[in-house]
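The primary structure of each chain is shown beneath.
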Amino acid sequence: MALLDLQSERLRAVPVARLSPQDREALFEPEVVAYLPEGFQGLETDAARCALLDEVQQEAEVVVLETRGGDAIGLLILSHGAAGDRLRHLGYLFVRAAWGQGYASEMLRALQDLYGSQPVVLSGGVMADNAASARVLQKCGFVPGEASEAGELTYIWDAQRG
């Protein structure tokens, strides 16, 4: 099962290599990456953004979320599963112009459809003050777990439980 197989009514996954410098700039705007882990913020040059994407792709599957019209509007990151471990860590972001249009819910449902028959557990971490992302995960059936000392709450979806 490859993340590049992900598609929905309005979205499809495409390789990161398809991103233009302008796409990368929009994806890494300060407001877009504000709630992401350290390292995603303050990337002032396209070379820095490319280097981060290269680094993340060493540890995870990374795809661009593109509209059917060909606009790059998001990134989806899914960690590689360790041998014998069902857990895969999930991360995503959308350009500001895509906020509030239901793309995150649509992407999560497509991801659940893609992995629904697999023995996988998806885990998404959300900072406590990122209420919008927490609502989306809960709306899509993710169950809240423990909060970390840093204020991150983990949401879990088990494909075998639905």
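Residues numbered from 1 in each chain as written. Predicted model: local features only at pLDDT ≥ 70, side-chain atom pairs only at ≥ 80, totals over all residues. Heavy atoms only, no water.

> Help me out: how do you make sense of the pattern of salt bridges in this one?
It is possible for side chains of opposite charge to pair when their charged atoms get near one another. According to the stated counting rule, one finds nine salt bridges in the structure shown. Residues Arg 12 and Glu 66 are paired through a salt bridge, measuring 2.9 Å at the closest nitrogen-oxygen approach. A residue pair is termed long-range when its members are at least 10 positions apart, and Arg 12 in strand β1 (residues 11-15) and Glu 66 in strand β2 (residues 60-67) qualify at 54 residues. Given the relative accessible area of 28%, Arg 12 is considered partly exposed. Classification of Glu 66 by relative accessible area gives buried; the value is 7%. For the salt bridge of Glu 61 with Arg 88, the shortest nitrogen-to-oxygen distance reads 2.7 Å. Here Glu 61 is found in strand β2, whereas its partner Arg 88 is found in strand β4 (residues 87-94), with 27 residues between them in sequence. (Salt bridge = Lys/Arg side-chain N within 4 Å of Asp/Glu carboxyl O. Helix = DSSP H or I, 4+ residues; strand = E, 2+ residues; numbered from the N terminus. Buried < 20%, exposed > 50% of the residue type's maximum accessible area, 1.4 Å probe, protein only.)

> What should I look at first to understand helix α3 (residues 46-59) in this one?
In an α-helix, one turn spans 3.6 residues; hence positions three or four apart end up facing the same way. Look at α3: 21 Å from first C-alpha to last across 14 residues, which is about the 20 Å you get at 1.5 Å a residue. What α3 keeps buried is the set Arg 49, Leu 52, Leu 53 and Val 56. Looking straight down α3, one finds its buried side chains confined to an arc of 100°; they lie on one side. Those residues of α3 that are exposed and aimed more than 90 degrees away from the buried face are Ala 47 and Gln 58. (Expected span 1.5 Å × (residues − 1). Arc of directions from axis to C-beta.)

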